Amino acid sequence: METEVSDVNNQPRPKIGLALGAGIARGWAHIGVLERLERAGIRPDIICGTSIGALVGGTYAAGKLEVLDHWARQMTRGRMLRYLDIGLGSGGMLGGRRLKRTLQEHLAGIDIEDLPCRFASVTTELATGHEIWLQKGNLAEAITASYAMPGIFPPVNVNGRWLVDGAMVNPVPVSVCRALGARLVIAVNLNSDTFGTNNLAAQMIDEDLKFDELLQRIRANPDEMLSPSALVMRQVFGKAEDSPSIFSVLLGTLNIVQDRLNRSRMAGDPADIDIAPRLGHVGLLEFDRAEEAIEEGRNAVERALPALADAYAILA
């Protein structure tokens, strides 16, 4: 029996904020999270997103989630590579022009202040390191700035400021939701399972493996079982036996920094409800695994619904 959350006796419900975290390809899980929350009767009043969280959150706020869902599910490795245009001289290894054009095509003419709910795209000012919340202006531009990973995509100039990926300062923007007036904050952390620990536990259950059998499998092939950076290298650039590529080093380093920063920020300013998709086995650039990530997003909400119902009842 499903747990659903709804208003009781038409009582005013608490203002709900949804903090959608960074996580590159794992971010497709946000689609499943939003779909399952909506099916449970939960529609956020405030959406704050960082990086891929800004992409999915902004698309949802604009009423275009079905379009993004379809686009993500159609993604293959070949199609993904067509979007990774070389950007030498642009401030990043990848130009991101094709991806930006696609985004502008579907979000044409939509400004953040015209959205039906409050939305903030979290970015980082390159010159100062300050955390910048984009709450006005062109939605597509704000999203592009939020996912502009340093060294990978070029920075984006917004109102005279060069902005890069918000994951550098606030990977899961719980604090932004609270600042914008949310009383109940739901956080979606895509990196709680960064190195696959939760996934390995789930694998033991799914495959009925004994611990010593699983340990033997890990020892036999540790790269495949445990290393996200090795997975990126293997799937996108082929397996490098001698040393990792520049691209995988940049992504792996950003992932480590983001994980450590997020642990610190979440400890100091925890969300009311944490939704934690188990995605450690999904590589950072495996955008072709959207269907799997979306389904795990739904499953993560399912696991969190009882706690969400309790929190909702207390605050209502």
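Higher on the page you've got the structure.
What counts as what
Residues numbered from 1 in each chain as written. Predicted model: local features only at pLDDT ≥ 70, side-chain atom pairs only at ≥ 80, totals over all residues. Heavy atoms only, no water. Helix = DSSP H or I, 4+ residues; strand = E, 2+ residues; numbered from the N terminus. Buried < 20%, exposed > 50% of the residue type's maximum accessible area, 1.4 Å probe, protein only. Contact = heavy atoms within 4.5 Å. Areas by Shrake-Rupley, 256 points an atom, 1.4 Å probe, with all protein chains shown as cover. Polar contact = N/O pair within 3.5 Å; in protein donor to acceptor, adjacent residues only side chain to side chain. Axes fitted to C-alpha atoms, helices over the stretch in contact; angles between N-to-C directions. Parallel < 35°, antiparallel > 145°, perpendicular 65-115°, else oblique. Left-handed = near helix turned anticlockwise from the far one by under 90°. Patch = residues over 30% accessible without salt bridge, like charges linked within 9 Å, V, L, I, M, F, W, Y side chains within 5 Å. Salt bridge = Lys/Arg side-chain N within 4 Å of Asp/Glu carboxyl O. Lys, Arg positive; Asp, Glu negative; His and termini not counted. Charge placed at Lys NZ, Arg CZ, Asp CG, Glu CD. Disulfide = S-S within 2.5 Å. Core = buried A, V, L, I, M, F, W, Y, C linked by side-chain atoms within 4.5 Å. Pairing = 2+ DSSP bridges.

Q: How do you make sense of the overall build of the chain when you look at a structure like this?
A: Within the chain one finds 13 helices and 8 strands. The buried share of the chain, reckoned over its 316 residues, is 51%. Considering only intrachain contacts with a sequence separation of at least 6, the fraction spanning at least 24 residues in the chain is 74%. With the model as given, the accessible surface of the chain reaches about 14600 Å², and the carbon-plus-sulfur share is 52%.

Q: Looking at this structure, how should I read the side chain of T50?
A: Mapped onto the elements of the fold, T50 is located in strand β2 (residues 46–50). Look at T50 and you get buried, because its relative accessible area is 0%. In this structure the side chain of T50 is engaged in a polar contact, spanning 2.8 Å, whose partner is the backbone oxygen of N170. Setting aside residues up to four positions removed in sequence, T50 forms contacts with L20, G21, A22, V122, S146, D165, G166, A167, N170, P171 and P173.

Q: What am I meant to see in the packing of helix α1 (residues 29–39) against helix α3 (residues 65–73) here?
A: Two elements in contact, α1 and α3, have axes separated by 10 Å at closest approach and are oriented at 140 degrees. Regarding the angle of α1 to α3, the classification is oblique. Crossing geometry of α1 relative to α3 is assigned as left-handed. Residues I31, L34 and E35 of α1 pack against L65, L68, D69 and A72 of α3.

Q: Honestly, a positive patch on the surface in this entry has me stumped. Any pointers?
A: Positive charge collects at one region of the surface, where R79, R82, R98 and R101 lie side by side. Of all the elements in the fold, those that place two or more residues in the positive patch are α4 (77–83) and α5 (97–106). Assignment of secondary structure puts R101 in helix α5.

Q: Sorry if this is basic, but what is going on with helix α2 (residues 52–61) here?
A: A turn of α-helix holds 3.6 residues, and therefore any two residues three or four places apart point the same way. Within α2, 10 of the 10 residues are buried, leaving the element largely enclosed by the surrounding structure. Residues of α2 that are buried: I52, G53, A54, L55, V56, G57, G58, T59, Y60 and A61. Of the residues trailing α2, G63 is marked for its positive phi of about 75 degrees.

Q: Whenever I open this one, the state of the cysteines confuses me. Can you help?
A: Linking two cysteines covalently through their sulfur atoms gives a disulfide. Taken as a whole, this structure holds 0 disulfides when the rule is applied. Left unpaired, C48 is separated from the closest cysteine sulfur, that of C177, by 3.7 Å.

Q: What is the right way to look at the nonpolar core in this model?
A: Across soluble globular proteins, nonpolar side chains have a tendency to be buried as a group. By size, the foremost hydrophobic cluster in this structure holds 72 residues, and its most contacted members are W28, L139 and I275. If you tally residues by element for this core, the top one is helix α13 (residues 290–315), at 11 residues. If we ignore the near neighbours within four places in the chain, the residues touching L139 are G58, A62, L107, I110, D111, I112, L115 and F119. One finds V174, C177, M266 and A271 within the second-largest nonpolar core, a separate group that totals 15 residues.

Q: What's the story with the environment of C177 in this structure? I'm lost.
A: Tracing the chain through its elements places C177 in helix α7 (residues 174–179). C-alpha of C177 to C-alpha of L18: the two residues are 159 residues apart in sequence and 6.9 Å apart in space. Setting aside residues no more than four positions away along its own chain, C177 makes contact with G17, L18, A19, I46, C48, A182 and V185.

Q: Looking at this structure, I do not really get the pairing of strand β4 (residues 131–134). What am I missing?
A: Burial along β4 is one-sided: I132 and L134 are buried, and none of E131 and W133, which face the opposite way, are. Taken together, the 4 bridges between strand β3 (residues 118–125) and β4 define a ladder with antiparallel strand orientation. Across the sheet, S121 pairs through a bridge with L134, a residue of β4. Linking β3 to β4, which pair antiparallel, is a turn of 5 residues; within it G129 sits at a positive phi near 80 degrees.

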